Protein chains: 2
Amino acid sequence: MKQKKNVTFNDIAKYTNFSKTTISRYFNNPDSLTLENQEIIAKALVDLDYKENKVARILASGNTEFIGIIIPNLFLHYYAEMLNQILATYESFGYKFLVFVGNGQEETERRYIEELLAYKIEGLIILSHTIPSKELSELRIPIVTIEREDKYVCSVNTDNYMGGYQATSLLASHNCDVIFHINYINSPANPDVPAYGRVQGFLDFCEEHHLKHELILKQMGNTYESIKNYLSDILEDITKRYSGLKKGLFISNDTQANVLVNLLVRKYGKFPDDFLLVGFDNSPISQEAVIPISTVGQQIDKLAYEAVKLLVEQMNERKKRRPAPLTEPVHKVVTPILLRRETTEM
Amino acid sequence: MKQKKNVTFNDIAKYTNFSKTTISRYFNNPDSLTLENQEIIAKALVDLDYKENKVARILASGNTEFIGIIIPNLFLHYYAEMLNQILATYESFGYKFLVFVGNGQEETERRYIEELLAYKIEGLIILSHTIPSKELSELRIPIVTIEREDKYVCSVNTDNYMGGYQATSLLASHNCDVIFHINYINSPANPDVPAYGRVQGFLDFCEEHHLKHELILKQMGNTYESIKNYLSDILEDITKRYSGLKKGLFISNDTQANVLVNLLVRKYGKFPDDFLLVGFDNSPISQEAVIPISTVGQQIDKLAYEAVKLLVEQMNERKKRRPAPLTEPVHKVVTPILLRRETTEM
């Protein structure tokens, strides 16, 4: 692996008989040269096998074209696919991404943000939940969050209320005798978290249509075993209390919905006739489950695109001679899509 | 969002009454200053609210501390978890990662590599399969690949041969009458691809132990539906041909193993007694399947760590006054781990 010597502006100047200033103008303001001279320099770059050094250009222009990302994990498909879609916006906007996985460690994430700032990122996308938006807003760089508490910063979120409303309406259309919503949020009184909208959509639909319903709030941990134990208890309880009745379950994510499907199929040898089930997210597991699961699909590609777009708008504003920064954070919502599969096909 | 003026070395020099050279020495070679002077400067940085500008330091040192990553997709859990583990090595090695998702587009990936080189990455990790290792080796920067053709570059791979051997041995220990290996590779005659080792491990074990066996090679596409159609045909065929016999299936990934479990459970209402099944990868689906699937687990954390370590060794070598580059590519292997679950518990 022999290292080639880097070709410098000096080398290009000598080769073309132009001044170094002219070469510099070619890179930073090519239209200030005649087309003919531009072509002479372009040809020289090929002849000399010149490799662009963006680090050097950054120092001249101050624009790194870097966006930082802090993502909680890549274990959940939702985050992996969101990162995939954010990275794919390179084709539209040209920004490069420096990615850190926080794993829910608040202090670690602060350290990562410091590191990103040292690399002069132009903007920051935050998906992790640890650092309050008030603190993020004090970083004084353009920020967009996705699906987390966002009071003091710009954000893009799924219309969770609409999702909850759609899911409940699908269960109601099948004439369930009682409808349940199972959610992992701490408390129904935390409307700062976007996912809370799912609870409100469920409650509003049931109350507007005078439907018998129950809200079950339970933190179930992150392991398959722990989720299985909690859901097994819940299933036993409602099977006993509503025996012989048609039960509609809206559950707040597909991982948990799949655990329910497995419990039911292992017990009955098939998906039982007196249960209907709707999940949330349209994760791959909802399709790959033994009984494909009806679910509320988040449009992850749109969420990612809108987030980068909103960030780029803020970054571009800052580059103007007289920037007019936002006076209030902008919050965008993306509509979810209901997918009907076998768990609501009675 | 008012932008603060950047604090320069000049400002620090004025504030401390040291020369700019002394300030520069503090950042680049602090031990050349007395402890007392180091403390004076450290205090000044706090007083002045100095923010480190790594971009400026890069230009001084030439070391960006960037590693580029080209990953085929983030849809498969294997790649998402590999990226997660690679990013986590920041805590051990301090390198930052610029990530691109190639989606199997050879020309796009070439473009991404150009972009990464323009940002003066110090090394490159390649997981995608599109660009031949010969071409990669000609980039003349340190490269490590993971689980792909690697003839001309350094690599870290799972010991796929050992994995195939282990899986077949588990099926044999349950006295199967016939053992199958279903794999998606093109041809058994492509030993350049690491996953080919799984086939060889299967064949060698069966031949050494004189077991009745069949090798089924079939490209099944990437969608759940297309995989389901192919596996449904295969299942029907072997059920007919080996009726009443105990059939052991070793299948080359957990996504496909899960499809098989679903087909069997939907047909029989449970996992049938005359089938045994072992997958590969230890993806989450292997645990979350309606019948938890026995599988050969790749140690993704170790693969990622070893890959970055091998890359860092090459990068450090280049920084020496008299680098001694590798004369031959280094290929490391990581042992897989067999996980016994319900599909081999007859």
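Residues numbered from 1 in each chain as written. Chains lettered and ligands numbered in written order. Predicted model: local features only at pLDDT ≥ 70, side-chain atom pairs only at ≥ 80, totals over all residues.

Draft legend 1. Broad picture of the interface of chain A and chain B. Tallying the contact residues gives 44 residues for chain A and 43 residues for chain B. Looking at the side of chain A that touches chain B, the elements that each hand over two or more residues are helix 4 (54–61), helix 5 (77–88), strand 2 (96–101), helix 7 (106–118), helix 12 (254–268) and helix 13 (284–288) of chain A. Per-class residue counts for the side of chain A that touches chain B are 24 nonpolar, 9 polar and 11 charged. (Contact = placed C-beta atoms within 7 Å. Helix = DSSP H or I, 4+ residues; strand = E, 2+ residues; numbered from the N terminus. Nonpolar A, V, L, I, M, F, W, Y, C, P; charged D, E, K, R; others polar.)

Draft legend 2. Inspection of the relation of the copies chain A and chain B at higher detail. Mapping chain A onto chain B leaves a residual RMSD of 0.2 Å; the transformation is a rotation of 180° accompanied by 0.0 Å of translation along its axis. Put plainly, the chains are arranged around a two-fold axis. By C-alpha distance to the rotation axis, the residue of chain A lying nearest is G269 of chain A, at 2.1 Å. Interface residue correspondence from chain A to chain B reaches 98%, placing this contact among same-surface, isologous pairings. (Least-squares fit on C-alpha atoms with pLDDT ≥ 70 in both.)

Draft legend 3. Representation of the packing of helix 9 (residues 160–173) of chain A against helix 10 (residues 196–208) of chain A. Residues and elements named next belong to chain A. Helix 10 packs onto helix 9 with a crossing angle of 45° between their chain directions and a minimal axis gap of 7 Å. One finds that helix 9 runs oblique with respect to helix 10. Crossing angle aside, the handedness with which helix 9 passes helix 10 is right-handed. Contact residues: helix 9 offers N160, Y161, M162, G163, G164, Y165, T168 and S169, while helix 10 offers G197, R198, V199, Q200, G201, F202, D204, F205 and C206. Of the residues assigned to the contact of helix 9 with helix 10, the class counts are 7 nonpolar, 8 polar and 2 charged. (Axes fitted to C-alpha atoms, helices over the stretch in contact; angles between N-to-C directions. Parallel < 35°, antiparallel > 145°, perpendicular 65-115°, else oblique. Left-handed = near helix turned anticlockwise from the far one by under 90°.)

Draft legend 4. How the structure looks around the domain arrangement of chain A. Residue and element names in this part refer to chain A. Per the domain assignment, the segments making up chain A are domain 1 (9–52), domain 2 (66–158 + 300–334) and domain 3 (160–298 + 338–344). On a C-alpha basis, the centres of domain 2 and domain 3 stand 31 Å from each other. Listed by partner, the interface residues are 9 residues for domain 2 and 9 residues for domain 3. Residue assignment for the side of domain 2 that touches domain 3 shows that the elements contributing at least two residues are helix 5, strand 5 (154–158) and helix 14 (300–319). Considered class by class, the residues forming the side of domain 2 that touches domain 3 number 3 nonpolar, 3 polar and 3 charged. (Domains from an automatic or database assignment.)

Draft legend 5. Broad picture of the sheet that holds strand 10 (residues 294–297) of chain A. All names here are of chain A. What the 6 strands build is an open sheet, ordered 7-6-8-9-10-12; its pairing is mixed. The open sheet has two free edges, formed respectively by strand 7 (213–217) and strand 12 (337–339), since each of these has just one partner strand. Averaged over all neighbouring strand pairs, the angle between strand axes comes to 15°, with direction disregarded. Direction of pairing for strand 6 (residues 178–183) relative to strand 7: parallel, over a ladder of 5 bridges. Bridge pairing in strand 7 links N183 to L217. Contacts from helix 12 reach strand 8 (247–251), strand 9 (275–281) and strand 10 within the one sheet, and its direction differs from that of strand 9 by about 155°. (Pairing = 2+ DSSP bridges.)

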